[in-house]
Amino acid sequence: MDRETASSIGEDTQPEVKISVDRVFKIFGDRSDTAMRMVREGRGKEEIHAETGCTLGVNDASFDIHAGEIFVIMGLSGSGKSTLLRLINRLIEPTSGAIRVDGQDITKMSKRELIELRRRDMSMVFQSFALLPNLTVLENAAFGLEVAGVPAAERQAKALAALEGVGLGAYAASRPDQLSGGMKQRVGLARALASEPTVLLMDEAFSALDPLIRTEMQDELLRLQSEHSRTIIFVSHDLDEAMRIGDRIAIMQHGNVVQVGTPDEIVMNPANDYVRSFFRNVDVSNVFKAGDIARETQVTLIERKGVAVAAALERMRRHDREVAIVVGRDKRYHGMVSAESLAQAARAGEADPYHKAFLTEVEPIEAAEPLSNVMGRVAESRWPVPVVDERQRYVGSISKSALLMTLDRTTT
Amino acid sequence: MHFDLHIGEGANAVVNYILDHFTPALNFIATVIGFVTDTIKAALTGIPMPVAVIVIVALALWRVSWKFALFSLLALLVIVDMGLWERTMETLSLVLAATVIAIVVGIPLGIAMAKSRIVTVLVRPVLDLMQTMPAFVYLIPAAMFFGLGAVPGTIATVIFAMPPVVRLTNLGIRQVNGEFIEAGLAFGCTARQLLLKVQMPNALPSIMAGINQTIMLSLSMVVIASMIGAGGLGNIVLTGIQRLDVGTGFEGGLAVTVLAVILDRITQSLGQRNTAFSFGRFFGARANRGEVPSSATPPAKT
């Protein structure tokens, strides 16, 4: 939280409210009036659905979004987070309640006023990019300006500037289908920024991207935000993403906003078990692979013909290690020996002391194996467990202490 | 018990009523359609044969492939050799006139269907009727309203051939990706901008498929329409039937087939974005050369 945006809305200064969502409901179905009356009478969701066939998409949402913050709406799929986002620019009409942008209730706006608002103040970034395939990248970036009637030369200059802002100036003449997913979403971002809106709605904007690109895009968003502070409402199902970019987070469950707060507040005081379950779900043992936490802290012995066992034992003693990994010259994993077993094999005068000394109970783990699958074996093993890659090369070992430290990081 | 609803008599009564009371309207329609048909026919038959052949072959080369261009050239020369060039151009002009009218009426109708459930409910059964009613049945009232000649032939053809372009325009617009619509709305499109900038361009392949189907149906109907004096290759086929002259009938049929294949391939290619050769891309690439590197070279990432 060392960003400018975060510091400007510190606790001592009263933050400026940009968008205020006030007792908003969204009911899907033909008999929404009846359903709304039943909601007011305090009847349950199931009962309403059984009687009217309507579903409650957003149930009594109230919260404020501050100017210049990244406000993340988070929840599982079907929790109503995308619906809530679309209520803010009225792509979906709210059934009841008020949504004020700069103090003006958008639910009371005429069609014309709404179109003006969308052209001037709000733009949107979509999960699957929604770039128009018949337009070039530049034309896509200029789309909002074109619709708003900005003259061609001016809108092209602005769109090009926006594309350059996301590092895609060189692709202006390309077609969207020539770009990768990450680049497409940069165009989506440029399109949203070209009209210089004060509010940016982002619907799972990075969810379709692979993890590496997703992180890159999050950084890009934070960089753009540091250059030019906008109010960003970001829908995500990914807690990691929410915590990483969100100044504040609203958590939704079954259409209800169950908690609004900074990431720290939510982690420290989860409102209910549902919120708590998100943190449980951020289980690194599912995220990390065995290879991710394997470290080359063990002594490795390269197996060569005629190498004296004594030198190996000496190295283990000097490094204060009970065990050592025996690898071939190609780094291929051969086995694991203990000082004891190796000394014993040497004493017995074996021709091939390493092989006799291999600890039979130790089986290497595949690097690609999720941590959750191998936790048991690491915990039970007397020694650090060796990890090998798909070509059977030794990549490192996982010790009990390394495992505990990794797991510990997730619970604090 | 036996009911007789006198449906046939009813149909007669409707036709007679229209004849008695709507003559000015019928005359107006006849004038408009006559103008379209005559203009196109005059244009096509006015072009010297070699020029027309070159244009068609060039279109085939541009839109399809050199192989198809070669086929077109040979097939057109066969038509010339059979002495059916004039007739073929007459038929082509009838097809184009009917297609132009079908597009002018059909695309707005298809758009209206996509936008309104009521229009859909009303129009769909009419389209079904137009497509399934045996084609000959249109000829009777068409001839009664408009006499003999190219105008009733064109009208009967339009009725028979219009449904695909209506249906596929409707379908194409309905199938435009929901996120494109949302994007259009989110950036402040009016209903009209949404239609012109988002829905129509994305429905274009489907609409082009509809136009292609309309052209094919027109071609099959134009032969039948020769029975009320529409002229063209249909007359050759008709003559072959009347005289039981297999040779003449076959020649006429072959010319129709050649026309069908060429029209089909060329119009199909219009619906696809990637073409054998594109002027737009050619000139676009030239205009941008120098300032925009090709998309294959990524810029340095920061």
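Rules and cut-offs
Residues numbered from 1 in each chain as written. Chains lettered and ligands numbered in written order. Predicted model: local features only at pLDDT ≥ 70, side-chain atom pairs only at ≥ 80, totals over all residues. Heavy atoms only, no water. Helix = DSSP H or I, 4+ residues; strand = E, 2+ residues; numbered from the N terminus. Expected span 1.5 Å × (residues − 1). Bend = angle between axes of the 7 residues up to and from the residue. UniProt positions renumbered as here; feature names shortened; annotations may be inferred. Contact = heavy atoms within 4.5 Å. Buried area = accessible area lost by both parts, 1.4 Å probe. Salt bridge = Lys/Arg side-chain N within 4 Å of Asp/Glu carboxyl O. Polar contact = N/O pair within 3.5 Å; in protein donor to acceptor, adjacent residues only side chain to side chain. Nonpolar A, V, L, I, M, F, W, Y, C, P; charged D, E, K, R; others polar. Buried < 20%, exposed > 50% of the residue type's maximum accessible area, 1.4 Å probe, protein only. Pairing = 2+ DSSP bridges.

(A) Spatial organisation of helix α11 (residues 191-225) of chain B. Under the 1.5 Å per step criterion, the end-to-end length of α11(B) is only 41 Å for 35 residues, more than 12% shorter than the ideal 51 Å. The sharpest bend along α11(B) measures roughly 55° and falls at Leu204(B), with the proline Pro205(B) sitting one to four residues further on.

(B) Region of interest: the UniProt feature "domain: ABC transmembrane type-1" (unreviewed entry) in chain B. Those residues carrying the UniProt feature "domain: ABC transmembrane type-1" (unreviewed entry) are residues 88-267 of chain B in this numbering. Annotated as 87% helix and 0% strand, the span residues 88-267 of chain B places its first and last C-alpha atoms 18 Å apart.

(C) Layout of the interface of chain B and chain A. At the junction of the two partners, chain B supplies 25 residues and chain A supplies 32 residues. Roughly 2400 Å² of surface becomes buried between chain B and chain A when both sides are summed, with 62% attributable to carbon and sulfur atoms. Taken as a group, Glu179(B), Ala186(B) and Phe187(B) account for 29% of the area that chain B buries against chain A, more than any other trio of residues on that side. Across the contact surface, chain B and chain A share 2 salt bridges. Along the contact surface separating chain B from chain A lie 7 residue pairs in polar contact (both at pLDDT 80 or more). Counting residues per element, the ones that place at least two in the side of chain B that touches chain A are α10 (178-186) and α11 of chain B. It is α10(B) that provides the largest number of residues to the side of chain B that touches chain A, a total of 7 residues. Here the side of chain B that touches chain A is composed, by residue class, of 12 nonpolar, 8 polar and 5 charged.

(D) Main features of the side chain of Ser218(B). All names here are of chain B. Here serine 218 lies in helix α11. A relative accessible area of 0% places serine 218 in the buried class. Of note is the side chain of serine 218, whose polar atom sits 2.7 Å from the backbone oxygen of threonine 214. If sequence neighbours within four positions are ignored, serine 218 has contacts with Val95, Ala98, Thr99, Thr157 and Ala161.

(E) Region of interest: the sheet that holds strand β16 (residues 394-398) of chain A. With respect to topology, 3 strands assemble into an open sheet ordered β14-β15-β16 (chain A), the strand pairing being mixed. Only two strands of the sheet have a single neighbouring strand rather than two, namely β14 (365-366) and β16 of chain A.

(F) Looking closely at unusual backbone geometry. All names here are of chain A. In this model, aspartate 102 sits at a positive phi of 50°, which is unusual for a non-glycine residue. With respect to the element layout, aspartate 102 can be found in the loop between β4 (96-101) and β5 (104-105). At alanine 130, a position not held by glycine, the phi torsion is positive, near 55°. Relative to the helices and strands, alanine 130 resides in the loop between β6 (122-125) and α6 (137-141).

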